[in-house]
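# Coordinate analysis (summary)
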2 protein chains.
Amino acid sequence: MNQSYEKLQKYMEKGVALVHAMGLFGWDAETLAPEKSLEKTAKTVGILSSEYFASLVNPEVKELLKELKEAEDLNEVEKAVVKKMAEDVRDLEMIPPEEFQAYNELTTRSTAVWAKARENNDFASFCPVLKEIIAYQKKFAGYAAKEGQKKYDALLENYEKGFGMEQLDQFFGKLKEEIVPLLKEVSKKNDTIDKSMIFKEYPVEKQKEFCAFLAEYIGFEKEKGTIAESAHPFTIGFHNDDVRITNHFLLQNLESAIFSVIHEGGHGIYEMGVRDDITQTCVGGGASCGMHESQSRLFENIIGRSKAFWSPLYGKLQQMYLQQLGDVSLDAFYHAINKAQASLIRTEADELTYCLHIMVRYEAEKKIIEEDYPVEELPKLWNQLYEEYLGVVPPTDTEGILQDIHWAQGSFGYFPSYALGNAFASQIYHQMEKDLDMETLLHEGNFAVIDEYLREHIHQYGASRSTNRLLHDLTGEDFNPDYYVNYLKNKYKEIYQL
Amino acid sequence: MNQSYEKLQKYMEKGVALVHAMGLFGWDAETLAPEKSLEKTAKTVGILSSEYFASLVNPEVKELLKELKEAEDLNEVEKAVVKKMAEDVRDLEMIPPEEFQAYNELTTRSTAVWAKARENNDFASFCPVLKEIIAYQKKFAGYAAKEGQKKYDALLENYEKGFGMEQLDQFFGKLKEEIVPLLKEVSKKNDTIDKSMIFKEYPVEKQKEFCAFLAEYIGFEKEKGTIAESAHPFTIGFHNDDVRITNHFLLQNLESAIFSVIHEGGHGIYEMGVRDDITQTCVGGGASCGMHESQSRLFENIIGRSKAFWSPLYGKLQQMYLQQLGDVSLDAFYHAINKAQASLIRTEADELTYCLHIMVRYEAEKKIIEEDYPVEELPKLWNQLYEEYLGVVPPTDTEGILQDIHWAQGSFGYFPSYALGNAFASQIYHQMEKDLDMETLLHEGNFAVIDEYLREHIHQYGASRSTNRLLHDLTGEDFNPDYYVNYLKNKYKEIYQL
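Residues numbered from 1 in each chain as written. Chains lettered and ligands numbered in written order. Predicted model: local features only at pLDDT ≥ 70, side-chain atom pairs only at ≥ 80, totals over all residues. Heavy atoms only, no water.

Below, the discussion takes up the relation of the copies chain B and chain A. The transformation that overlays chain B on chain A combines an axial shift of 0.0 Å with a rotation of 180 degrees, and the residual RMSD is 0.0 Å. Such a turn and shift between the copies fits a two-fold axis. Of every C-alpha in chain B, the one belonging to Ala21 of chain B sits nearest the axis of rotation, 3.2 Å from it. Mapped onto chain A, 100% of the interface residues of chain B again fall at the interface, so both copies present the same surface. (Least-squares fit on C-alpha atoms with pLDDT ≥ 70 in both. Contact = heavy atoms within 4.5 Å.)

Two numbers describe a pair of packed helices, the interaxial angle and the distance between the axes. All names here are of chain B. At a closest axis distance of 9 Å, the pairing of helix H9 (residues 204–218) and helix H10 (residues 254–272) adopts a crossing angle of 30 degrees. One way to sum up the angle between H9 and H10 is to call them roughly parallel. Between H9 and H10 the crossing geometry is right-handed. Along the contact surface, H9 presents Gln207, Phe210, Cys211, Leu214, Ala215 and Ile218, while H10 presents Leu254, Ala257, Ile258, Val261, Ile262, Gly265, Gly266 and Ile269. Its residues placed into classes, the contact of H9 with H10 shows 11 nonpolar, three polar and no charged. (Axes fitted to C-alpha atoms, helices over the stretch in contact; angles between N-to-C directions. Helix = DSSP H or I, 4+ residues; strand = E, 2+ residues; numbered from the N terminus. Parallel < 35°, antiparallel > 145°, perpendicular 65-115°, else oblique. Left-handed = near helix turned anticlockwise from the far one by under 90°. Nonpolar A, V, L, I, M, F, W, Y, C, P; charged D, E, K, R; others polar.)

Next up on the list: unusual backbone geometry. Residue and element names in this part refer to chain A. Here the phi dihedral of Asn121 falls at roughly 50 degrees; this positive angle occurs in a residue that is not glycine. With respect to the helices and strands, the residue Asn121 is situated in the loop between helix H5 (97–120) and helix H6 (123–144). Its relative accessible area of 35% is what places Asn121 among the partly exposed residues. (Buried < 20%, exposed > 50% of the residue type's maximum accessible area, 1.4 Å probe, protein only.)

Attention now goes to the side chain of Arg305 of chain A. All names here are of chain A. In this fold, Arg305 is placed in the loop between helix H12 (289–303) and helix H13 (307–310). With relative accessibility at 10%, the residue Arg305 sits in the buried group. Reaching out from Arg305, the side chain makes a polar contact with the backbone oxygen of Ile337 at a distance of 3.0 Å. When sequence neighbours within four positions are dropped, the list of residues in contact with Arg305 reads Glu255, Phe259, Glu300, Tyr334, Ile337, Asn338, Glu351 and Lys491. (Polar contact = N/O pair within 3.5 Å; in protein donor to acceptor, adjacent residues only side chain to side chain.)

Turning our eyes to something else, we now look at the packing of aromatic side chains. Applying the stated criterion across every chain yields a total of 68 aromatic pairs over all chains. Ring geometry for Phe171 of chain A versus Phe172 of chain A: centroids 5.0 Å apart, planes at 40 degrees, classification tilted. For the pair Phe171 of chain A and Phe172 of chain A, one class covers both residues: buried. Ring plane angle 75 degrees and centroid distance 5.6 Å describe the contact between Phe171 of chain B and Phe479 of chain B, whose orientation is recorded as edge-to-face. Remark: Phe479 of chain B occurs in the loop between helix H22 (467–475) and helix H23 (482–496) and Phe171 of chain B occurs in helix H8 (residues 165–188); sequence separation between them is 308 residues. As far as burial versus exposure is concerned, Phe171 of chain B and Phe479 of chain B are alike and both buried. Joined through ring pairs, the aromatic side chains of Phe210, Phe213, Tyr217, Phe259, Phe299, Phe309, Trp310, Tyr314, Phe333 and Phe447 of chain A make up one cluster. Geometry around Phe259 of chain B places Arg305 of chain B over its ring, the cationic atom sitting 3.9 Å from the centre. In this structure, Arg361 of chain B is placed above the aromatic ring of Phe415 of chain B, and the distance from its NZ or CZ to the ring centre is 5.4 Å. (Phe/Tyr/Trp six-rings, centres within 6.5 Å; stacked < 30°, edge-to-face > 60°. Lys NZ or Arg CZ within 6 Å of the ring centre and 35° of its normal.)

Residue and element names in this part refer to chain A. With mixed pairing, the three strands of this open sheet are ordered in space as S1-S3-S2. In this open sheet, the two strands that pair with only one neighbour each are strand S1 (225–229) and strand S2 (235–239). On average, each strand axis in the sheet is inclined to that of its neighbour by 20 degrees, with strand direction left out of account. Alignment of S1 against strand S3 (residues 242–247), held across five bridges, turns out to be parallel. Looking at the pairing, Ile227 lines up with Ile245 of S3. Here helix H1 (residues 3–30) sits on the sheet and contacts S1, S2 and S3; the angle it forms with S2, its principal contact strand, is near 145 degrees. (Pairing = 2+ DSSP bridges.)

Structurally, the α-helix is built with 3.6 residues per turn, so residues lying three or four positions apart point the same way. All names here are of chain B. Its 13 residues give helix H18 (residues 378–390) an end-to-end C-alpha distance of 17 Å, which sits within 8% of 18 Å, the value for a rise of 1.5 Å per residue. Of all the positions in H18, only Leu378, Pro379, Leu381, Trp382, Asn383, Leu385, Tyr386, Tyr389 and Leu390 are classed as buried. Buried residues along H18 sit against helix H6 (123–144), H8 and helix H17 (354–370). Positive phi shows up at Gly391, right after H18, with a value of about 75 degrees. (Expected span 1.5 Å × (residues − 1).)

Residues and elements named next belong to chain A. The domains assigned to chain A are domain 1 (3–144) and domain 2 (165–495). Inter-centroid distance (C-alpha atoms) of domain 1 to domain 2 is 27 Å. On the domain 2 side, the residues contacting the 32 residues of domain 1 number 41 residues. Here domain 1 and domain 2 share an interface that buries about 3,100 Å² over both sides, 71% of which is from carbon and sulfur atoms. Of all residues in domain 1, the largest losses of buried area upon contact with domain 2 belong to Trp27, Trp114 and Phe123, amounting jointly to 22% of the total for that side. On the surface where domain 1 and domain 2 come into contact, there are four salt bridges. With a shortest N-O distance of 2.3 Å, Glu376 and Lys131 are connected by a salt bridge. (Domains from an automatic or database assignment. Buried area = accessible area lost by both parts, 1.4 Å probe. Salt bridge = Lys/Arg side-chain N within 4 Å of Asp/Glu carboxyl O.)

Below, the discussion takes up the pattern of salt bridges. Residues and elements named next belong to chain A. This model, assessed by the stated rule, comprises 77 salt bridges over all chains. Here Lys62 makes a salt bridge to Glu93, at a shortest N to O gap of 2.4 Å. Residue Lys62 is located in helix H3 (residues 59–68), and its partner Glu93 is located in helix H4 (residues 76–94); the two are separated by 31 residues in the primary sequence.

Residue and element names in this part refer to chain B. Looking at the element boundaries, Ile303 is found in helix H12 (residues 289–303). Ile303 sits in the buried class, given a relative accessible area of 1%. When the C-alpha atoms of Ile303 and Ile262 are compared, they prove to be 9.3 Å apart, with 41 residues separating the residues in sequence. Leaving out residues up to four positions away in the same chain, Ile303 has contacts with Leu298, Phe309, Tyr429, Met438, Leu442, Phe447 and Ile450.

All names here are of chain A. The full count for this structure, using the stated rule, is seven cavities of 30 Å³ or more. In this structure, the largest cavity encloses a volume near 60 Å³. Together, Trp114, Phe126, Arg361, Trp382, Ile401, Leu402, Asp404, Trp407, Ala408 and Phe415 line the largest cavity. By residue class, the composition of the lining of the largest cavity is eight nonpolar, no polar and two charged. (1 Å grid on protein atoms, 1.4 Å probe; cavity = no way out; pocket = protein on both sides within 12 Å on 5 of 7 lines; lining within 4 Å. Points joined across faces, edges and corners; volume = space filled by probe spheres on them.)

What follows is about the side chain of Glu264 of chain B. All names here are of chain B. Along the chain, Glu264 falls in helix H10. For the buried residue Glu264, which engages in no salt bridge, the nearest side chain bearing the opposite charge is Arg297, 8.5 Å off. Excluding residues that lie within four positions of it along the chain, Glu264 makes contacts with Pro233, Phe234, Thr235, Ile245 and Thr246. (Lys, Arg positive; Asp, Glu negative; His and termini not counted.)

Below you can see the structure in the form of structure tokens.
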């Protein structure tokens, strides 16, 4: 092994260990930690975080990174590690420590301000804080931007490399052109699908049992995974032998927990599939936010809401809830879980309208970062965009611009990766259908073959290969939003008989 | 604040944060971590452990400790921190790194060898490994021993400062003189107490509910504490706002989980009572193993097995299990949970015989460390001591010398702290009865007063004051085993009408 790399590896491994520890504190806070513990525990996490900073930002690491930048005797993973560490060091160093601290204090405070504003439908009380956050985000974007790069592009690339405004304008332009009119057609036939059975009472113990079964069914290995409960479902992977997902159960909603476990299970299977020589390195996670989301959405929506997936499973669910589902056919169930309806809240949106909610946020963020759009006017803009794309107008800001925590946390540029994830998933699935007999595999519940395919082409590489490269290697072309648009059009035309 | 102390504090806080993180990994391994995660997670814990070592063993810390040793401008807690850090540094440095590593590898291997030997009742297969461990322990004891100090004394003081062979010979001598004959008398009247109702079937969900109620009843604050399940119950405290206990439920044993939760609850209440300026320092834990055990045993046995404790509670338990306990009086229940009977397994021993199990181990360890007793002959010695103290002879080594994991882990000198804990508890309780109307408080379930008393005199200080000092300040005298002997004699004479 290259001797400089060996030295660098020590720092990398220390950083990975500290991230693992901080991740465990995060997981613990959402699951078993007592309510009053967080304040004092924050002190520990703060110290680990400083140690993480020091493990990367120091003269020796910089020297080693410089030396290794052009090294020829590194293998693919080692090269990826060097590249990722250089990026991490740049990101950590970019912001002056005093600004970083002031900003952290601001966002700690701002989420509380936001929560209260949301509760009271009082955008005005959130407005001054949001202005401060936006000012910081613009400043940070300026630090991050490469020469000639626009600020919003720099923010977008934080989350999804290679996907700036040029790519996204094209992507969302297509959605606007094709999905907005499709939704209008669908809306007219809304009464043709009955979804009421989903909201009967479904005792939670059985839901838990069915969801645990589902997780295993799709390939979430229980010896390497944990399923717990938390207020909002999420996934966290510590390494390929330790991947955790959470779920949340509602008595009067059958689909919430079921599609959460398939969604988080998809994230989890990705993390479990990372190769052993990659998993405990700084490129041990997924290739990008969008690629990660592509796997969860592929499982949740493309697979999880297909008739082929449910054909061997629905009988079991029906047996568990005979009273509620005894007279509901597979076909009726399939239609119910795919009913599309324009609504106000992103996190409750269906597969068809979800991307339109993202489009609203993308357009708003572009104006905020690039056009200095007046923050006071944002609720108006938000409502206009909802009306234009979804045909609904939020009656309150609580159900409008105040619904998401993201801006209060300073996450600008993050939302588009949710929509990209859906689009990547469609492109990947299109290829899977060429290479595999998906219909038969799903009818047989043969996830061994499905997961192995995804592992071979995507999961194993972790973040050692870029999203663009993985997409191109697998599908033979660059990102192409047509697959997503066609998938949605075909699916919803069939469901609504348009 | 003293400027050198301020510098030292940074190192101390880093060490405390790393111990917190390692503790969380330990807790997680016993609760939510997936089965196959441990091997890779060990890498992270290994790195944190090296960082902990480096945070204490370094030239600057040594220099600061030297400087601060005689500093006059430190407060009591700061002085305790300096003293504890100096001890920790000494302990960490004492063993040459190569030896430490070889020893760690040995004890990792040895617990597996021990587990197999226990399973197969095959002491011979464990014997060579045990010899190696003993050789290391003697060597380490040599490193640790102060001038003129005997090796076993050095090992004992690892766990309980101020309690070497001189004190323990006297302590166990008294037990031998008084408790061994008492047990003989009790054994003759063994048939007078019926315990069979304890082993009926008690559905586990209700046990969980009752145990959660009990934890809160005795003062384990649920906003600052977590109760989870694990194979063996234990307590871990991260700081005074985050204390975790576990429990284990058996369908056919009513008392196991109940007394576990009171025992671990006692440990937990100790950790929750540590003062805010002490909790996140290196003296934030309990004063010593024995003092910690004194609190758990005080709650479990002296309080938890008293009639006054159960008088307001038994009706509730009876209501929960009407079928099983409907015709069992409080008096019959009280006798059942206090039935004493010589047995083979320490962890299942009752309050009267428990200390005799410890006495066997103390006598054996003394011979092992101080008299080079032949390891091959240990099973014979073990069985002889059981016959002498408890009047029972293990039919197999599995039920005899192979029952405990401690020696396989290299813990020599640890067992006596269990017995000391019981004795400290009796001495403390004797004082509590003078200062408080315990009978009335227990009848009223007034644990606010009881816990406040313990907090004031013991818990608040963490490890900033020694066990001996705490005992002396509270009771006006040094450790005195008479209280323990008298407590047992009075209790069992009354129960068995001797």
